[in-house]
Amino acid sequence: MQLSCDINIKIMLTKNANTSHVVKNILFAKKEPVSLVHFITNRCNARCSFCFIDFEDPKTFKGELSLKEIETLTKNIGKSLMNVNFTGGEPFARKDIVEIAKKYLDNTTVQSIYITTNASLPDRIINFAKEISSYKNDIELTFQISIDDFPERHNSVRKIKNLFESCLDTYRELKKMNNSNINPVVSITVSEENCDNIENIYNYLHDVCKIDSIKCTVVRDEGVYNTPLEKKERIFKAYEWLTNKLKEKILDGEVDNYNSNSIQGRMHKKKDLISWEMVKKMYLKPQFISPCHAGSLFGIITANGRVFPCEILEDKLLGDLRDSNMNFMQIWNSKKTSDAKEFILKSKCNCTYECALTYNILGNWRYTGQLVSAAFNL
């Protein structure tokens, strides 16, 4: 047991936090978030057919947390936060996204920022990468750029002119920065829109566009989006093919989504492989595989400051930050959160939500051996 703990301590490479505190929290206490998804805005210039945000509801765009509120939030978020995901909407629709990131860097123990973007605002993205990497040169930045189809079809599905070209330009400009802590990666969402052509799409992106950092997700039922039942099997077959192809290319070194020179990067790479296998087991026949730590190690902050254990459990509101003076940990330690965690564990809650699966994997002993072996190339 002591050896395992020591190895995990070395793996985390916590630069801004007490390493022992973080490891104990992940493996034992599970009382503070290690990662949060922060929807910094619901505003978006795209209108993807599979998006779960209800753009017809006028309330969708009201009540975004101000920069001042986010500053207060970041001062009350625990001492174990390693990663924050900025998403939306389109996160770069917020002109103050650089300042938001700086609040997290100044006031939390975060050591990586992950941003999901449609890459329609390349100048803002490049500026963010330059400013934040200059502000804190050891922070890991990942830009997940969404590309789901061939150029004309991608632009049509997301309803933005010349978007595909903007995605490629953004990817290439980030690559040209030649910074191992700046990681652009193209993510393909497998959906009913592209499942019948997924092999050709992948080959085009990898072989023609010369993209060597590629991930994938599978569309999930959430919010206003529901996958047609008759399409699920075809979507699954496409996802199965794509994840198998990506695994092959990752192991061959032709696809590299993380900094392979870092322990954290090698752990992330292994985590993706484990996660893809879990999703394939659950997609057509939902089933419990291992305990989920949403509400413990992982959580969601909406654009208007509501806190949830995950995106899927929309009926499990843990609290409203504005009702708690922006004190996140007050909500995280509340009875509502305790009840939600009990529900998640007792009901053997399961889903294909990749962000939650990450901390399912990290916080469960059954995966520790695989992660350690990957981290140290054993």
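Our structure is the block above this text.
Describe the overall build of the protein, with residues and values.
Looking only at helices and strands, one finds 14 helices and nine strands in the protein. Scaling as 2.2 N^0.38, a compact globule of 378 residues should have a C-alpha radius of gyration of about 21 Å, and the protein matches this with 19 Å. Each principal axis of the C-alpha distribution contributes one length, and for the protein these read about 50 × 50 × 45 Å. For the protein, buried positions account for 58% of its 378 residues. Considering only intrachain contacts with a sequence separation of at least 6, the fraction spanning at least 24 residues in the protein is 77%. In the protein, which carries 52 positive and 47 negative side-chain charges, the distance between the mean positions of the two groups comes to 5 Å.

Could you give me a rundown of the sheet that holds strand β4 (residues 140-146), with the residues and numbers involved?
With mixed pairing, the nine strands of this open sheet are ordered in space as β6-β5-β4-β3-β2-β1-β7-β8-β9. Only two strands of the sheet have a single neighbouring strand rather than two, namely β6 (214-218) and β9 (319-320). Pairing between strand β5 (residues 182-190) and β6: five bridges, direction parallel. Within β6, the residue paired with Val186 across the bridge is Ile214. Against the sheet, helix α5 (residues 122-135) contacts β3 (112-117), β4 and β5, and its axis sits at roughly 170° relative to β4.

Would you mind going over the nonpolar core in detail, with residue names and values included?
Within the largest apolar cluster, 108 residues are counted, with the highest numbers of intra-cluster contacts made by Phe86, Tyr104, Phe128, Phe143 and Phe328. In terms of residue count, the dominant contributor to this core is helix α10 (residues 263-282) (eight residues). In this structure, Phe86 is in contact with His38, Ile40, Pro91, Ile97, Ile100, Ala101, Tyr104, Ile113, Tyr114, Ile115 and Thr116, ignoring residues within four places of it in sequence.

Kindly report on the side chain of Asn364, identifying the contributing residues and their values.
By secondary structure assignment, the location of Asn364 is in the loop between α13 (354-362) and α14 (368-375). Not counting the four nearest positions on each side in its chain, Asn364 is found in contact with Ser290, Pro291 and His293.

How would you sum up the pairing of strand β2 (residues 83-87)? Please name residues and give values.
Most of β2 sits out of view: five of its five residues are buried. Burial along β2 is two-sided: Asn83, Asn85 and Thr87 facing one way and Val84 and Phe86 facing the other are all buried. As defined by bridge partners, strand β1 (residues 35-39) adjoins β2 across five bridges and the pair is classed as parallel. Residue pairing across strands places Ser35 opposite Asn83, the latter belonging to β2. Pairing analysis gives four bridges linking β2 to β3, with the strands arranged parallel.

With reference to specific residues and values, describe the environment of Leu371.
The residue Leu371 is located in helix α14 in this model. Spatially, the C-alpha atom of Leu371 lies 9.1 Å from that of Ile361, the residues being 10 residues apart in sequence. Setting aside residues up to four positions removed in sequence, Leu371 forms contacts with Met267, Lys270, Lys271, Ile274, Ile361 and Leu362.

An account of the packing of α5 against helix α7 (residues 163-176) is needed here, citing residue identities and associated values.
Axis separation between α5 and α7 bottoms out at 10 Å; the angle between their running directions is 15°. Classified by the angle their axes make, α5 and α7 are roughly parallel. Where α5 crosses over α7, the handedness of that crossing is right-handed. Of the residues in α7, those touching α5 at Pro122, Ile125, Ile126 and Ala129 are Ser166, Thr170, Glu173 and Leu174. Here the residues of the contact of α5 with α7 sort into five nonpolar, two polar and one charged.

Quick rundown of the packing of helix α9 (residues 229-252) against α10? Include the residues and the values.
As a packed pair, α9 and α10 sit with axes 11 Å apart at the nearest point and diverge in direction by 160°. Comparing the axis directions of α9 and α10 gives the class roughly antiparallel. In terms of crossing hand, the pair formed by α9 and α10 is left-handed. Where α9 abuts α10, its residues Phe236, Tyr239, Glu240, Thr243, Asn244, Leu246, Lys247, Ile250 and Leu251 lie against Lys269, Leu273, Trp276, Glu277, Val279 and Lys280. Broken down by class, the residue content of the contact of α9 with α10 amounts to eight nonpolar, two polar and five charged.

How would you sum up the packing of aromatic side chains? Please name residues and give values.
According to the stated counting rule, one finds 10 aromatic pairs in the structure shown. Ring centres of Phe128 and Phe143 lie 6.0 Å apart, and the angle between their planes is 90°; this geometry places the pair in the edge-to-face category. Pair noted here: Phe128 is in helix α5 and Phe143 is in strand β4, with a separation of 15 residues, a long-range link. On the basis of relative accessible area, Phe128 is assigned to the buried category, the value being 0%. For Phe143, a relative accessible area of 1% gives the class buried. Aromatic ring contacts, followed pair by pair, group Phe92, Phe128 and Phe143 into a single cluster. Above the plane of the ring of Tyr283 lies Lys232, whose end atom (NZ or CZ) is 5.4 Å from the centre. In this structure, Lys316 packs its charged tip against the face of Phe343, placed 4.1 Å from the ring centre.

Lay out α14 with the relevant residues and their values.
Turning to α14, its buried residues number three or more, namely Thr368, Leu371, Val372, Ala374 and Ala375. Seen from one end, α14 has its buried residues packed into an arc of 165°, which puts them on one side. Just downstream of α14, Asn377 is the residue with a positive phi angle, here 55°.

Rules used in this analysis
Residues numbered from 1 in each chain as written. Predicted model: local features only at pLDDT ≥ 70, side-chain atom pairs only at ≥ 80, totals over all residues. Heavy atoms only, no water. Helix = DSSP H or I, 4+ residues; strand = E, 2+ residues; numbered from the N terminus. Rg over C-alpha atoms; globule rule 2.2 N^0.38 Å. Buried < 20%, exposed > 50% of the residue type's maximum accessible area, 1.4 Å probe, protein only. Contact = heavy atoms within 4.5 Å. Lys, Arg positive; Asp, Glu negative; His and termini not counted. Charge placed at Lys NZ, Arg CZ, Asp CG, Glu CD. Pairing = 2+ DSSP bridges. Axes fitted to C-alpha atoms, helices over the stretch in contact; angles between N-to-C directions. Core = buried A, V, L, I, M, F, W, Y, C linked by side-chain atoms within 4.5 Å. Parallel < 35°, antiparallel > 145°, perpendicular 65-115°, else oblique. Left-handed = near helix turned anticlockwise from the far one by under 90°. Nonpolar A, V, L, I, M, F, W, Y, C, P; charged D, E, K, R; others polar. Phe/Tyr/Trp six-rings, centres within 6.5 Å; stacked < 30°, edge-to-face > 60°. Lys NZ or Arg CZ within 6 Å of the ring centre and 35° of its normal. Arc of directions from axis to C-beta.

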